[in-house]
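Remarks on the overall topology
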Amino acid sequence: LKKGVLSLTSIKNKLLVEKVTHPQSPLSRGVSDSVLLSTLSTSGVLCIPNESGTDQLCAFVAVGDPATDRYRNIILELFTNERAIKRRTINVTLEKKLGHAPLTRDVSRVLKDMCVSKDGRWLLQDE
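Residues numbered from 1 in each chain as written. Predicted model: local features only at pLDDT ≥ 70, side-chain atom pairs only at ≥ 80, totals over all residues. Heavy atoms only, no water.

1. Thoughts on the sheet that holds strand β6 (residues 121-124)
A sheet is described by the order of its strands in space; here three strands give the open sequence β4-β6-β5, paired in antiparallel fashion. Only two strands of the sheet have a single partner each, and these edge strands are β4 (84-86) and β5 (115-118). Along the sheet, successive strands turn relative to each other by an average axial angle of 35°, direction set aside. Packing of helix α3 (residues 66-81) onto the sheet brings it into contact with β4, β5 and β6, and relative to β6 it is tilted by some 90°. Seen against the sheet, helix α4 (residues 87-98) touches β4 and β6 and runs at an angle of roughly 75° to β4. (Pairing = 2+ DSSP bridges. Helix = DSSP H or I, 4+ residues; strand = E, 2+ residues; numbered from the N terminus. Axes fitted to C-alpha atoms, helices over the stretch in contact; angles between N-to-C directions. Contact = heavy atoms within 4.5 Å.)

Below, the structure written as structure tokens:
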């Protein structure tokens, strides 16, 4: 999950694998959804309900890359309100919040890391 986006279901499946392969691990007792969501939140992960509302897509707000982190948080915030966003809307929002035009290559890196383009709009995409 360091760079891209994972669904909450994918994260829970990875924890189940941990439970089976390492029965002595503290995770072997399982983790409730509320504890998992709380832990993700305090770890700098933002979870956004997916389009169907049956799962959540989770991504780090910052990944330690100064060139892209300033864009990443703003872009993720956009997805809390809309499921599919035009590139122009992303650029206008970034410019408004940052006070300057965003660097196209860095915005493209963030979008390619977390999203897929479909019908002229960007959507968060589970790895």
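2. Quick word on α3
Along its length, α3 shows its largest kink, about 25°, at Arg-72. Within α3, burial applies to Thr-68, Asp-69, Tyr-71, Arg-72, Ile-74, Ile-75, Leu-76, Leu-78 and Phe-79. (Bend = angle between axes of the 7 residues up to and from the residue. Buried < 20%, exposed > 50% of the residue type's maximum accessible area, 1.4 Å probe, protein only.)

Interpretation in functional terms is not warranted from these geometric data alone.
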